[in-house]
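Reading the structure
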Amino acid sequence: MKQELRHDGGTRGKTLNVHFILHEDFEVPGAYWDWARSRGHRTASTKVYESEALPENADGIDFLIVMGGPQSPDEDRQAFPYYDPEAELRLMRQAVAADKYIVGVCLGAQLLSVAYGARHERSPHREIGVYPVELTQEGLNDPHTALLGASFLAGHWHGDMPGLTDEAAVLAASKGCPRQIVLFSPKHYAFQAHLEFDRAAVGLLIAADGRENLAAQSRTQAYVQHPDEIERFDFTQMNAKLFVFLDSLTESGQGGA
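For the protein chain, the name recorded in an unreviewed UniProt entry is GMP synthase, with Neisseria mucosa as its organism.

This paragraph deals with the pattern of salt bridges. Following the criterion strictly, the structure yields eight salt bridges and no others. A salt bridge links D160 to R122; its shortest N-O distance comes to 2.7 Å. Pair noted here: D160 is in strand 6 (residues 151-161) and R122 is in strand 5 (residues 121-135), with a separation of 38 residues, a long-range link. The shortest N-O distance in the salt bridge between R211 and E231 comes to 2.8 Å. Residue R211 is located in helix 6 (residues 211-218), and its partner E231 is located in helix 7 (residues 227-232); the two are separated by 20 residues in the primary sequence. By relative accessible area, which is 28% here, E231 ends up partly exposed. Put simply, R211, D228 and E231 are held in one network by salt bridges that share partners.

A few words now on the packing of aromatic side chains. Aromatic rings in a pair are described by how distant their centres are and how their planes are angled relative to each other. Enumeration over the complete set of coordinates arrives at 11 aromatic pairs. Centre to centre, the rings of Y189 and F245 are 5.1 Å apart; their planes meet at 80°, and the pair counts as edge-to-face. Of the two residues, Y189 sits in strand 9 (residues 188-191) while F245 sits in helix 8 (residues 236-252), which places them 56 residues apart along the sequence. There is no split in this pair, since Y189 and F245 are both buried. An angle of 65° between the planes, with centres 5.1 Å apart, marks the rings of F191 and F245 as edge-to-face. A residue pair is termed long-range when its members are at least 10 positions apart, and F191 in strand 9 and F245 in helix 8 qualify at 54 residues.

Turning next to helix 2 (residues 85-97). Across its 13 residues, helix 2 extends 18 Å between first and last C-alpha, which sits within 8% of the 18 Å expected from 1.5 Å per residue. Of all the residues in helix 2, the buried ones are P85, A87, E88, L89, L91, M92 and A95. Where helix 2 is buried, its residues meet strand 1 (17-22), strand 3 (63-66), strand 4 (101-105), helix 3 (107-115) and strand 9. D99 lies just past helix 2 and shows a positive phi near 60°.

Strand order in the open sheet made by the nine strands is 2-1-3-4-9-8-7-5-6, with mixed pairing throughout. Each edge of the open sheet carries a strand with a single partner, namely strand 2 (42-47) and strand 6. When the angles between neighbouring strand axes are averaged without regard to direction, this sheet yields 20°. One ladder, built from 10 bridges, connects strand 5 with strand 6; its direction is antiparallel. Across the sheet, P132 pairs through a bridge with L153, a residue of strand 6.

Moving on to the UniProt feature "domain: Glutamine amidotransferase" (unreviewed entry) in the protein chain. Those residues carrying the UniProt feature "domain: Glutamine amidotransferase" (unreviewed entry) are residues 39-198 in this numbering. Structurally, residues 39-198 comprises 17% helix and 34% strand, and the distance from its first C-alpha atom to its last is 19 Å.

In terms of burial, helix 3 is a largely internal element, nine of the nine residues being buried. Residues of helix 3 that are buried make contact with strand 3, helix 2, strand 4, strand 6, strand 8 (181-185) and strand 9.

Let us now look at the nonpolar core. Grouped together as the largest cluster of nonpolar side chains are 47 residues, with contacts concentrated most on Y32, F63, V103 and Y189. Sorting elements by how many residues they give to this core places helix 8 first, with six residues. Among all residues touching V103, those that are not within four sequence positions of it are Y32, F63, L64, I65, V66, Y189, F191, F245 and L249. Core analysis: the second largest hydrophobic core is formed by 23 residues, Y83, L111, L112 and A115 among them.

Right, let's talk about the side chain of H156 for a bit. With respect to the element layout, H156 can be found in strand 6. Judged by relative accessible area, H156 falls into the buried class, the value being 0%. Separated by 3.4 Å, the side chains of H156 and Q180 make a polar contact. Apart from the residues within four sequence positions on either side, H156 is in contact with E127, I128, G129, V130, Y131, V133, Q180, A193, H194 and F197.

What counts and what doesn't
Residues numbered from 1 in each chain as written. Predicted model: local features only at pLDDT ≥ 70, side-chain atom pairs only at ≥ 80, totals over all residues. Heavy atoms only, no water. Salt bridge = Lys/Arg side-chain N within 4 Å of Asp/Glu carboxyl O. Helix = DSSP H or I, 4+ residues; strand = E, 2+ residues; numbered from the N terminus. Buried < 20%, exposed > 50% of the residue type's maximum accessible area, 1.4 Å probe, protein only. Phe/Tyr/Trp six-rings, centres within 6.5 Å; stacked < 30°, edge-to-face > 60°. Expected span 1.5 Å × (residues − 1). Contact = heavy atoms within 4.5 Å. Pairing = 2+ DSSP bridges. Axes fitted to C-alpha atoms, helices over the stretch in contact; angles between N-to-C directions. UniProt positions renumbered as here; feature names shortened; annotations may be inferred. Core = buried A, V, L, I, M, F, W, Y, C linked by side-chain atoms within 4.5 Å. Polar contact = N/O pair within 3.5 Å; in protein donor to acceptor, adjacent residues only side chain to side chain.

Below, the structure is given as structure tokens:
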């Protein structure tokens, strides 16, 4: 990340233990990982797809980032024998109870909603590519998402979306999905959108889904872009917005981490 794109306060505050849950080798943490390393935080990960064990508890974690995958929160494990959603939900609920920072991304967003007692749902449309996201009034009022701007471009690669509790607030939506960012508590955010994408990340996703398959979908589905168009996008400013959000989130409550 270029220096001029960094939030001025990005190097202040204590060092955090940031733990990533990674579900597939083609669903990489991208700019989330770059942010954590550039800020001097300690990083660790559980590679679910390599059958690595999750941490026994959330005691040693200050910030839990749960990434995406082709799975669902209620997967029966037949198709993905290495994926144990109940174990992930136990860890996430521990992190919720301890008021750790949590960001769930895509599948992680859906899991976070389930950890809070909601049911994940199908999105009205399958979204793949880069499409505008708009903040709701709640999002404009949120001190961290307000920094993203009222409308911004974000990456998308999903068919599901997080569920809602009575207390949850929808902070952002797109034309294809009404729940792009959901707030469950001041430290717990669900991002259906992918601000972490870069060209390497989308290249892996295109290869996993199949270029020709995606090209065919782009001709029949309103919110699926042609893979060539996705690859041409410059993700630099999108990643910069994610850095600003994460800096603001973690610097606002250092005493509670």
